[in-house]
Amino acid sequence: MKVTHLSEILGAEVDCIDCQDISDRDFATLQNLLWDRGVLSIPNQDLTPDAQFAFAQRWGAINVNRFFTPVVENPRVAEVLKEPDQELNIGGGWHTDHSYDDIPAMCSMLYAIEVPDTGGDTLFASMYAAYANLSDGFKQALSSMCAVHSSRHVFGHEPMEGDRPRKRLHNPELAVQDAVHPVVIEHPGSGRPSLYVNPSFTVRFDGWSTSESASLLAYLYRFGARPEHTIRYRWKPGTLVIWDNRATWHYALNDYHGQRRLMHRVTVEGVPLRAIN
Ligand code: SIN
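Residues numbered from 1 in each chain as written. Predicted model: local features only at pLDDT ≥ 70, side-chain atom pairs only at ≥ 80, totals over all residues. Heavy atoms only, no water.

Q: Looking at this structure, I do not really get the overall build of the protein. What am I missing?
A: From N to C terminus, the protein includes seven helices and 17 strands. Scaling as 2.2 N^0.38, a compact globule of 277 residues should have a C-alpha radius of gyration of about 19 Å, and the protein matches this with 18 Å. Taking the principal axes of the C-alpha coordinates as reference, the protein spans close to 45 × 45 × 35 Å. Across the 277 residues in the protein, those meeting the buried criterion constitute 56%. Taking as baseline every contact in the protein between residues at least 6 positions apart, the subset at least 24 positions apart corresponds to 83%. (Helix = DSSP H or I, 4+ residues; strand = E, 2+ residues; numbered from the N terminus. Rg over C-alpha atoms; globule rule 2.2 N^0.38 Å. Buried < 20%, exposed > 50% of the residue type's maximum accessible area, 1.4 Å probe, protein only. Contact = heavy atoms within 4.5 Å.)

Spelled out as structure tokens, the structure:
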């Protein structure tokens, strides 16, 4: 296994491994690397939906996404597709997957099948770094706060009827989750503090109104997305990227109109999140 960091603070490329044939020792190394680096890119894989699913199961129980289109060959794998004639993509805004669940997802694994000649990169931001770069006083204030996260305004009936990637998202009646999580979590794997609010699913601070929350959340979103907290990932077919949803945000760029992009995603269940002490 050869590991190359993608930036000072975030991401690692892992070469010379086959996700379908990893020893327990290498798997433990991979897990610790994910907790530390937040994003792992594993190129040159040959993964059928069943093989991707089997690899994901080594990480934990699978959270079958209730809103995405399932892949025909394995309906527990989600399709992330944009056709040349479609305008909107899936995931085209900063977010972290499943923060609207009471027990949010540990990690997501996206496998590139078809990528545009240009464009279609994914941005990632480190929430370890975002938290670390706040002032001590602000850290202290945030550490006693919780925030409410929801799926309703993204996957529910209302956005489905508007200008959304409609045919690719399903079951708006299931978008009824609201969950409360600490604003600063202790990462369950690394023990490090991580900022756990995100622009797509966090709706307000717990005990605060939406309008009271808006400007402080907007500040945190601008701060989290500062370029020095981010990397930009350029895809190649056959690459599997794993991101830790408790330590990162991601953003699928929608800059490849007229071209096709097809990925397969599997998401692994996490554990309840605790506030940092
Ligand atoms: C997602 O948000 O899960 C999709 C990310 C991507 O397509 O790059």
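Q: What's the story with the site of the ligand in this structure? I'm lost.
A: The ligand sits among Val80, Gly91, His95, Leu110, Thr122, Trp243, His250, Ala252, Arg261 and Arg265. With respect to the ligand, the side chain of threonine 122 contributes an N or O atom lying 2.6 Å from an oxygen atom. Histidine 250 has a polar side-chain atom sitting 3.0 Å from an oxygen atom of the ligand. Protein coverage of the free-state accessible area of the ligand, which is 260 Å², stands at 100%. At the level of secondary structure, the elements contributing two or more residues to the shell around the ligand comprise strand S15 (248-252) and strand S16 (261-268). (Near = heavy atom within 4 Å. Polar contact = N/O pair within 3.5 Å; in protein donor to acceptor, adjacent residues only side chain to side chain. Areas by Shrake-Rupley, 256 points an atom, 1.4 Å probe, with all protein chains shown as cover.)

Q: How should I be thinking about the side chain of aspartate 101 in this particular structure?
A: Relative to the helices and strands, aspartate 101 is located in the loop between strand S5 (74-82) and strand S6 (107-114). Given the relative accessible area of 10%, aspartate 101 is considered buried. For aspartate 101, the residues in contact, after removing those within four places along its chain, are Asn63, Arg66, Gln177, Ala179 and His181.

Q: I tried to follow the packing of aromatic side chains on my own but got confused; where do I start?
A: For any pair of aromatic rings, the description rests on two quantities: the centre-to-centre distance and the angle between the ring planes. As enumerated under the stated definition, the model contains 12 aromatic pairs in all. Aromatic side chains tyrosine 100 and phenylalanine 201 sit 4.9 Å apart centroid to centroid with 75° between the ring planes, which places their arrangement in the edge-to-face category. Note that tyrosine 100 is positioned in the loop between S5 and S6 and phenylalanine 201 in the loop between strand S11 (193-195) and strand S12 (202-205), a separation of 101 residues in sequence. The same class applies to tyrosine 100 and to phenylalanine 201, which are both buried. Above the ring of tyrosine 256, the side-chain terminus of lysine 82 is found at 4.5 Å from the ring centroid. (Phe/Tyr/Trp six-rings, centres within 6.5 Å; stacked < 30°, edge-to-face > 60°. Lys NZ or Arg CZ within 6 Å of the ring centre and 35° of its normal.)

Q: In this structure, what is going on with unusual backbone geometry? I would like to understand it.
A: Residues apart from glycine generally show negative phi values, whereas peptide bonds are mostly found in trans. For asparagine 44, which is not a glycine, the phi torsion comes out positive at approximately 60°. If you trace the backbone, asparagine 44 turns up in the loop between strand S3 (39-42) and helix H2 (49-57). For asparagine 44, a relative accessible area of 70% corresponds to the exposed category. In this structure, histidine 98 takes a positive phi of about 65° despite not being glycine.

None of the figures reported here should be taken as evidence of function without further support.
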